[in-house]
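# Coordinates in review
Chain by chain, the residues run as shown.
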Amino acid sequence: MTARLNSAQPYALGLFRIVVGLLFAVHGAASLFGVLGGAVGTQGGTIPTGTWPGWYAAVIQLVAGGLVLLGLGTRGAALLASGSMAYAYFDVHQQAALWPVQNGGELSVLFCWAFFLLVFTGSGAFGLDRLVARRTAADGRATTERTPIAA
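What counts, and at which threshold
Residues numbered from 1 in each chain as written. Predicted model: local features only at pLDDT ≥ 70, side-chain atom pairs only at ≥ 80, totals over all residues. Heavy atoms only, no water. Patch = residues over 30% accessible without salt bridge, like charges linked within 9 Å, V, L, I, M, F, W, Y side chains within 5 Å. Areas by Shrake-Rupley, 256 points an atom, 1.4 Å probe, with all protein chains shown as cover. Salt bridge = Lys/Arg side-chain N within 4 Å of Asp/Glu carboxyl O. Helix = DSSP H or I, 4+ residues; strand = E, 2+ residues; numbered from the N terminus. Axes fitted to C-alpha atoms, helices over the stretch in contact; angles between N-to-C directions. Left-handed = near helix turned anticlockwise from the far one by under 90°. Contact = heavy atoms within 4.5 Å. Nonpolar A, V, L, I, M, F, W, Y, C, P; charged D, E, K, R; others polar. Phe/Tyr/Trp six-rings, centres within 6.5 Å; stacked < 30°, edge-to-face > 60°. Buried < 20%, exposed > 50% of the residue type's maximum accessible area, 1.4 Å probe, protein only. Expected span 1.5 Å × (residues − 1). Core = buried A, V, L, I, M, F, W, Y, C linked by side-chain atoms within 4.5 Å.

To continue, consider a nonpolar patch on the surface. Residues Leu-22, Val-26, Phe-33, Val-35 and Leu-36 make up a contiguous nonpolar surface patch of about 480 Å² in total accessible area. Secondary-structure assignment places Leu-36 in the loop between helix H2 (9-33) and helix H3 (54-70).

Shown next as structure tokens:
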């Protein structure tokens with residue numbers, strides 16, 4: 001059973017990356033463009049351009065979420081996204097209370113740790129990172145393809 005699950009690990013990781021990236025990108029798009037109900041607390045509106053930190057967070061969510069969704073520059077985009085969610089939690093949510101369930105920061109914590117995991121695992125299957133690596137290898141440049149390590 002363990003061998004079967006281990007062989008499916010890159011595919012499960014790829015699907016995880018796609019779902020997390022999509023949800024993050026949609027959250028940013030809602031805040032920037034007012035789609036899907038708009039930004040939280042605006043009755044379907046958007047965050048005013050250039051306001052700190054909300055507008056910048058929404059741009060990070062849209063761009064980093066899109067890159068993670070595509071599996072392109074996954075590790076760097078995931079590091080940026082994870083850091084932005086850690087900032088959101090400690091700067092915005094933790095002022096209200098200590099625990100995420102008390103201060104409404106569960107989503108920030110979950111996104112932070114999900115992206116932090118992707119920093120170390122990479123894109124898994126279905127990512128454009130793999131296509132770029134293959135194309136680079138086909139051009140004769142030395143590359144190493146990294147696969148997830150099962151414990």
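Bringing the packing of H3 against helix H4 (residues 74-93) into the picture now. The contact between H3 and H4 brings their axes to 8 Å, and the two run at 145 degrees. For the element pair H3 and H4, the recorded crossing hand is left-handed. For the pair H3 and H4, contact is made by Ile-60, Gln-61, Ala-64, Leu-67 and Val-68 and by Thr-74, Ala-77, Ala-78, Leu-80, Ala-81, Ser-84 and Met-85, respectively. Counted by class, the contact of H3 with H4 contains nine nonpolar, three polar and no charged residues.

Here the focus is the packing of aromatic side chains. Inspection of the entire model under this criterion finds ten aromatic pairs. With a centroid separation of 5.7 Å and an interplanar angle of 50 degrees, the aromatic rings of Trp-52 and Tyr-56 are classed as tilted. Residue classification places Trp-52 among the exposed residues on the basis of a relative accessible area of 61%. A connected cluster of aromatic rings, assembled from ring pairs, spans Trp-52, Trp-55, Tyr-56 and Tyr-87.

For helix H6 (residues 106-121), spanning 16 residues, the distance from its first C-alpha to its last is 23 Å, which sits close to the expected 22 Å at 1.5 Å a residue. Inspection of H6 places Ser-108, Phe-111, Cys-112, Ala-114, Phe-115, Leu-118 and Val-119 among the buried residues, and these make up the whole buried set. Two residues or fewer past H6, Gly-122 is found with a positive phi of approximately 80 degrees.

Phe-24, Val-68, Ala-78, Met-85, Phe-111, Phe-115 and Leu-118 are the most contacted members of the largest nonpolar core, which totals 16 residues. Put simply, the parts of the chain that give this core at least two residues each are H2, H3, H4 and H6. A total of six residues in this core trace back to one element, the largest contributor, which is H6. With near-sequence residues (within four places) excluded, Ala-78 lies in contact with Val-68, Phe-115, Leu-118 and Val-119.

This paragraph deals with unusual backbone geometry. The peptide bond linking Trp-52 to Pro-53 adopts the cis configuration, its omega dihedral lying at -5 degrees. Positionally, Pro-53 belongs in the loop between H2 and H3. Even without glycine at this site, Phe-126 takes up a positive phi of about 70 degrees. Relative to the helices and strands, Phe-126 resides in the loop between H6 and helix H7 (128-138).

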